[in-house]
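The lines below spell out each chain.
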Amino acid sequence: MRAAGGRVKLALVLSEEALRRALAAAGLEAPVRYEDEVGSTNDVALELAGSGAPEWTLVAAGHQIAGRGRLGRSWLDRPGAALMFSLVLRPRGLSPARVGLLPLLAGVAAAEACLEAGAAPVACKWPNDLLVGEAKAGGILAESRVEGGRLLYVVLGVGINLREPPAEVPGAAGVGDIEAEALLSGFLRAFRARYQPAHPAFVGGVLAAYRRVSATLGRRVRATTTRGVTVEGLAVDVREDGGLVLETGEGMAVVAFGEVQHLDPA
């Protein structure tokens, strides 16, 4: 697409046809829904999932007015300058205890898609942030429904700033002037390539890939759990349930949920 004066204008805005093309590029076919403005793509996808929408149903928006992050936080975007979408997943064979692996896999897919698209290098801050340098450029939110001890579905929401991040968000960054459709296509291809939840090698494959793109492992961190307990130590690994393993002065500790602060430079 070209703007006046011959300057190339990047396609930051998606459409339902663009969503279908992105799915097809990953060898997928599923229902899609695109809105110029929506409260939250996760809310729409959760409603669809609860109504029986098939796996890979894809919801995207040009702007969210009530975007959500983890722990009840808000996700703010600059209209038309971010990629925001949610996927419906029905991971047969994955236990509810290991649902934390899916946002880690999404982080891997996002980092690989940014590399493929020529964006700024992206690394993953445990558990769900996407970083450019030390600035947050995106985030991941996984919400699931478990019934009778079985994981019925997971809605995986991803938000990535493309150009300038919202001015009202301190410490935010964008990944660059890249096409939203190209980034989405790359994400879906990378995610699908490793998404085999019933395969015996799935857990090990996700963890190995995540370790390669982690901005947290090998660094001293302070982690505050959802119970309000604060621990400090060296982040040494991620467990098979997605939990972060810390080496502290009192031995090994595992943080399953919560927030992490990097205490030393990368």
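Residues numbered from 1 in each chain as written. Predicted model: local features only at pLDDT ≥ 70, side-chain atom pairs only at ≥ 80, totals over all residues. Heavy atoms only, no water.

K.L.:
Account for the overall build of the protein, naming residues and giving values.
P.N.:
A tally of helices and strands in the protein yields five helices and 14 strands. Within the protein, the fraction of its 266 residues that count as buried is 48%. For the protein, the computed accessible surface area is about 12,200 Å², with 51% contributed by carbon and sulfur atoms. (Helix = DSSP H or I, 4+ residues; strand = E, 2+ residues; numbered from the N terminus. Buried < 20%, exposed > 50% of the residue type's maximum accessible area, 1.4 Å probe, protein only. Areas by Shrake-Rupley, 256 points an atom, 1.4 Å probe, with all protein chains shown as cover.)

K.L.:
Describe the packing of aromatic side chains, with residues and values.
P.N.:
Tallied over the full model, the rule gives five aromatic pairs. Ring geometry for Trp56 and Phe191: centres 6.1 Å apart, planes at 85°, overall edge-to-face. Linking Trp56 in the loop between helix 2 (41-50) and strand 2 (58-61) with Phe191 in helix 4 (residues 180-194), this pair joins segments that are 135 residues apart in sequence. In this pair, the class of Trp56 matches that of Phe191, namely buried. Members of the aromatic cluster, each reached through a chain of ring pairs, are Trp56, Phe85, Phe187, Phe191 and Tyr195. (Phe/Tyr/Trp six-rings, centres within 6.5 Å; stacked < 30°, edge-to-face > 60°.)

K.L.:
Go over the pairing of strand 11 (residues 230-238), please, and point to the residues and values.
P.N.:
Bridging between strand 10 (residues 220-224) and strand 11 involves five bridges; their strand directions are antiparallel. Bridge assignment links Val221 to a residue of strand 11, and that residue is Gly233. Across four bridges, strand 11 lies against strand 12 (residues 244-248) in antiparallel orientation. By the bridge assignment, Val238 is partnered in strand 12 with Leu244. (Pairing = 2+ DSSP bridges.)

K.L.:
Can you lay out the confidence of the model for the protein for me, pointing to particular residues and giving the numbers?
P.N.:
When pLDDT is averaged along the protein, the result is 89; 89% of the residues meet or exceed 70. Every residue in residues 1-11 scores below 50 in pLDDT, and together they form 14 contacts with partners more than four places removed in sequence or on other chains. (pLDDT = per-residue confidence, 0-100. Contact = heavy atoms within 4.5 Å.)

K.L.:
Give me the nonpolar core: which residues, what numbers.
P.N.:
If you look at the biggest cluster of nonpolar residues, it comprises 71 residues, and the most contacted ones within it are Leu14, Leu58, Val175, Leu184, Phe187, Leu188 and Phe191. Ignoring anything within four residues of it in the chain, the contact list for Leu188 reads Ala22, Leu23, Ala26, Leu58 and Leu87. Counting 10 residues, the second-largest nonpolar core is a separate cluster that includes Val44, Ala45, Leu152 and Val155. (Core = buried A, V, L, I, M, F, W, Y, C linked by side-chain atoms within 4.5 Å.)

K.L.:
Lay out the environment of Gly118 with the relevant residues and their values.
P.N.:
Turning to its location among the elements, Gly118 is positioned in the loop between helix 3 (101-117) and strand 6 (123-125). Here the alpha-carbon distance between Gly118 and Ile178, two residues 60 residues apart in the chain, equals 7.5 Å.

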